[in-house]
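Structural description and commentary
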Protein chains: 2
Amino acid sequence: MAAGEFEVIERYFTRRGAHRDDVLAGVGDDGALVAAPADATLVLALDTIVEGAHFPSGFDARFVGHRALAVNLSDLAAMGADPAWALLGLTLPSADEHWLSGFAAGLDTLARRHGIALIGGDTTRGPLTVTLTVAGTVPRGRALMREGARPGDDLWVSGTPGDAAAGLAILQGRLAAQGRARDALLARFQLPQPRVALGLALRGIATACIDVSDGLAADLAKLCAASGVGADVEGRELPLSAGLCSVAPPDTRLAYALRGGDDYELVFSASASDRGRIGALDAGVVLRRIGAVSEEQGVRIDGKPAGRDAVHGFDHFGGVAPGSR
Amino acid sequence: MAAGEFEVIERYFTRRGAHRDDVLAGVGDDGALVAAPADATLVLALDTIVEGAHFPSGFDARFVGHRALAVNLSDLAAMGADPAWALLGLTLPSADEHWLSGFAAGLDTLARRHGIALIGGDTTRGPLTVTLTVAGTVPRGRALMREGARPGDDLWVSGTPGDAAAGLAILQGRLAAQGRARDALLARFQLPQPRVALGLALRGIATACIDVSDGLAADLAKLCAASGVGADVEGRELPLSAGLCSVAPPDTRLAYALRGGDDYELVFSASASDRGRIGALDAGVVLRRIGAVSEEQGVRIDGKPAGRDAVHGFDHFGGVAPGSR
């Protein structure tokens, strides 16, 4: 970056996100200083999004800023952590003020909503790539992990997985849609909502938890592998949105729900004795029981092994090939 | 990344760096879990290095891994923090196992040397870009900041700034060198040593501190701006290495020392009454008193204002143009 450009950029990222009393020094020194709460465990996560791989070229800057934070907040949600601080690594081809303003607004709005302060980062010149590190806190011993699912546990999922992949397909012209269904599905891809409140509510309830970034089947397979168990999912219990059902041909809906990535819902296991507690949760999203944890390894849908494609996840831009997030 | 590639990559970054008892869960879940020490302040920093901007294309993978961590450890050093944990965001064009192995080794060696554990991260496909977040700890109220320099304070610098820029010039064929001088200067660019021990030793001594990444004059200007003071540097006191003197023409040596970036030395202010304590420090690097803090704003070299180029820093690849790190 030339000097002038750099100063322009710094302006966009000073005092962004929520104000927090535990931030002793934010953007402006070699590092940020924060006061960690006593007796809490810190949760740290880092995710990168790359233009053309995790979002389309020319994607609205506001959506890019939102997504960069949302995918990271989703990791905190999956751990049952309370969001606290974020650091931004922004690599961009040039300092376009209009773009920067949109990006910062998208990031800022979501950060404030979740009480997270932007405390530092680095801006460099190069192909558009955004890395965020987020830190949160969780009381000692109360974090949700991928391991911990036990045979006999129920399996649950939040929201309506598959919508984000349908939204992307609409954006790319692979799926035709109009009106409210189109708007709803596009929004699910453009502005994914990390399930932070749900993660907090599941402390002490979920025996294992993961967020759905690569696709429900793929992420469930990771949870099962970490827990040393398997999963039996009932296809008819998968929650399909009205929007998805109105735009996706019947024979593709299950594939969207199982293999579509980018939803940032939570999938979790819990004791059958906790059905009442889970039913009574009010975390801003519908929860659906979709199956059960079994001793037999692997993920099965209606008794049939989920295919390799499903297990390896969603290619964010192909829709079906093995993916990586 | 295709699934197979991704699994290959994950292998390289599991259990890297030092083993630390405060890491409750490292790579492998949605986030890492660490126990923050009671009564300490956390220091968090994030830096990105981009191929072709912060290191040359084709730079040895081991040096890239080393540099990605070194530039971040240098931020912790400048804050007087004790390194603890790191998260890696690695964007790379393909999963070349030879490259990954070298990169991981470079990162691992430096991490172990400084007691830092690699606890998480993300690998994505794209143009080679490496972002690291590092976290360290410092006793409450003992962090070194850029602000705090007072008129009358001494100004000090560690090591021999300018060497890294000369090393890069040699690498790019802009400067001719042979034998030991060549090796020494190249090493200063290839394997910069963050001054972590010095940063720790300066707690309670330095009134302000910053690391030299953009060039001594540029980084000193930032320290002065944050402290609301100016600086008078005596050119004859600038420590020039024997290597630099043997390869750089006399009229360029001062420019290397003042404007050369990538040294990752520390420049700091301290009370004149602490000269004895500073002289007695044993932090593995020579310290030199190069001038004094003044009330008059700006950085002056032998009474003359440091030019805009110097103040705005080193272009890592041009040597003299305004830079950004």
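For the structure given in this document, a descriptive report is provided here. (Residues numbered from 1 in each chain as written. Chains lettered and ligands numbered in written order. Predicted model: local features only at pLDDT ≥ 70, side-chain atom pairs only at ≥ 80, totals over all residues. Heavy atoms only, no water.)

1. As for helix α5 (residues 179-190) of chain A
All names here are of chain A. Counted only if it meets this: Only DSSP runs of H or I covering at least 4 residues are called helices, and only runs of E covering at least 2 are called strands; the numbering of each starts at the N terminus. Multiplying one less than the number of residues by 1.5 Å gives the expected span of a helix. Exposure is judged per residue with a 1.4 Å probe applied to protein chains only, and the accessible area is read against the type maximum: over 50% gives exposed, under 20% gives buried, and values in between give partly exposed. Only heavy atoms enter the contact rule, under which two residues are in contact if any of them lie within 4.5 Å.
Relative to the 16 Å expected for twelve residues at 1.5 Å per residue, α5 spans 16 Å between its end C-alpha atoms, a close match to the ideal helical length. Buried within α5 we find Ala 181, Leu 185, Leu 186, Arg 188, Phe 189 and Gln 190. Taken together, the buried residues of α5 touch α2 (61-79), α4 (163-171) and α8 (242-247).

2. Overview of the interface of chain B and chain A
Filter applied, for reference: Put simply, buried area is how much 1.4 Å-probe accessible surface two parts lose in total, over both of them, once they are put together. In what follows, salt bridge is the name for a side-chain nitrogen of Lys or Arg lying within 4 Å of a carboxyl oxygen of Asp or Glu.
Counting residues at the interface gives 57 residues for chain B and 57 residues for chain A. For the pair chain B and chain A, the summed buried surface comes to about 4400 Å²; carbon and sulfur atoms form 60% of the total. A per-residue breakdown of the area chain B buries against chain A is headed by Asp30(B), Leu44(B) and Leu46(B), which together make up 16% of the total. Where chain B meets chain A, there are four salt bridges. Between Arg146(B) and Asp29(A) there is a salt bridge, with the nearest N and O atoms lying 3.7 Å from each other.

3. Quick word on unusual backbone geometry
All names here are of chain A. Residues other than glycine seldom take positive phi values, yet Asp 262 does so here, at roughly 70 degrees. Of note, Asp 262 is situated in the loop between α9 (250-259) and β10 (266-270). Since its relative accessible area comes to 1%, Asp 262 is described here as buried. Positioned with a positive phi, Asp 302 is a non-glycine residue whose angle comes to about 50 degrees. Counting through the fold element by element, Asp 302 comes out in the loop between β12 (298-301) and β13 (304-305). For Asp 302, a relative accessible area of 46% corresponds to the partly exposed category.

4. As for the state of the cysteines
Should the sulfur atoms of two cysteines be covalently bonded, the bond is a disulfide. Residue and element names in this part refer to chain A. Counted only if it meets this: For the purposes of this analysis, a disulfide is any pair of cysteine sulfur atoms at a distance within 2.5 Å.
Applying the stated criterion to the full structure yields zero disulfides over all chains. Just so you know, Cys 224 is unpaired, no disulfide at all, and the nearest cysteine sulfur is the one on Cys 209, 13 Å from it. For Cys 224, a relative accessible area of 3% corresponds to the buried category.

5. Focus: the sheet that holds β12(A)
All names here are of chain A. Selection criterion: We call two strands paired when DSSP finds no fewer than two bridges between them. Inter-axis angles, ranging from 0 to 180 degrees, are taken between N-to-C directions of lines fitted to C-alpha atoms, where helices are fitted over the stretch in contact.
Read from one edge to the other, the open sheet built from seven strands follows the order β8-β10-β7-β11-β9-β12-β13, with strand pairing classed as mixed. Of all strands in the sheet, those bounded by a partner on one side alone are β8 (206-211) and β13. Bridging between strand β9 (residues 230-233) and β12 involves four bridges; their strand directions are parallel. When the bridges of β12 are listed, Asp 232 appears paired with Arg 300. On top of the sheet, α2 reaches β8 and β10; it is set at about 170 degrees to β8, its chief contact. Seen against the sheet, helix α7 (residues 216-227) touches β7 (154-158), β8, β9, β10, β11 (287-294) and β12 and runs at an angle of roughly 135 degrees to β8.

6. Quick notes on the relation of the copies chain B and chain A
Between the two copies of the chain lies a rotation about an axis combined with a shift along it. This is how it is decided: Least squares is the method for superposing the copies, and the C-alpha atoms it fits come from residues with pLDDT of at least 70 in both.
Its rotation angle being 180 degrees, the transformation that places chain B on chain A also includes 0.0 Å of axial translation and leaves an RMSD of 0.0 Å. Such a combination of turn and shift is consistent with a two-fold rotation axis. Residues of chain B ranked by C-alpha distance from the rotation axis are headed by Ala38(B), positioned 2.9 Å from it. A high fraction, 98%, of the interface residues of chain B reappear at the interface in chain A, so the copies pair face to face through one surface.

7. Topic: the packing of aromatic side chains
To describe a pair of aromatic rings, you give the distance between the ring centres and the angle between the ring planes. Residues and elements named next belong to chain B. Just so we agree on the cut-off: Stacked, tilted and edge-to-face are the three classes applied to pairs of Phe, Tyr and Trp rings, where Trp contributes its six-membered ring and a pair requires centres within 6.5 Å; stacked means planes under 30 degrees apart, edge-to-face means over 60, and tilted covers the rest.
Tallied over the entire structure, the rule returns twelve aromatic pairs over all chains. Centroid distance Phe 55 to Phe 59: 6.1 Å. Interplanar angle 25 degrees. Geometry classified as stacked. The same class applies to Phe 55 as to Phe 59, namely buried. With a centroid separation of 5.4 Å and 50 degrees between ring planes, the pair formed by Phe 59 and Phe 63 is classed as tilted.

8. Considerations on the side chain of Thr133(A)
Within the secondary structure layout, Thr133(A) lies in strand β6 (residues 129-139). Setting aside residues no more than four positions away along its own chain, Thr133(A) makes contact with Ala45(A), Leu46(A), Trp85(A), Ala86(A), Leu87(A), Leu46(B), Leu87(B) and Thr133(B).

9. Some words on the packing of α2(A) against helix α3 (residues 97-113) of chain A
Each packed pair of helices is defined by two parameters, the angle between the axes and the distance between the axes. Residue and element names in this part refer to chain A. To be explicit about the condition: A crossing counts as left-handed when the near helix is turned anticlockwise from the far one by less than a right angle, and as right-handed when that turn is clockwise.
Relative orientation of the contacting elements α2 and α3 amounts to 35 degrees, with a least axis distance of 6 Å. Every pair of crossing elements has a handedness; the one defined by α2 and α3 is right-handed. Residues Ala 61, Arg 62, Val 64, Gly 65, His 66, Leu 69, Ala 70 and Leu 73 of α2 lie in contact with α3, whose contacting residues are Trp 99, Gly 102, Phe 103, Ala 105, Gly 106, Leu 107, Leu 110 and Ala 111.

10. Details of the pairing of strand β3 (residues 40-50) of chain B
Most of β3(B) sits out of view: eleven of its eleven residues are buried. Of the two faces of β3(B), the one lined by Ala40(B), Leu42(B), Leu44(B), Leu46(B), Thr48(B) and Val50(B) and the one lined by Thr41(B), Val43(B), Ala45(B), Asp47(B) and Ile49(B) are each fully buried. Bridging between strand β2 (residues 32-35) of chain A and β3(B) involves four bridges; their strand directions are antiparallel. The residue bridging Ala35(A) from the neighbouring strand is Thr41(B), located in β3(B). Here eleven bridges tie β3(B) to strand β6 (residues 129-139) of chain B, and the two strands are oriented antiparallel to one another. Looking at the pairing, Thr48(B) lines up with Thr131(B) of β6(B).

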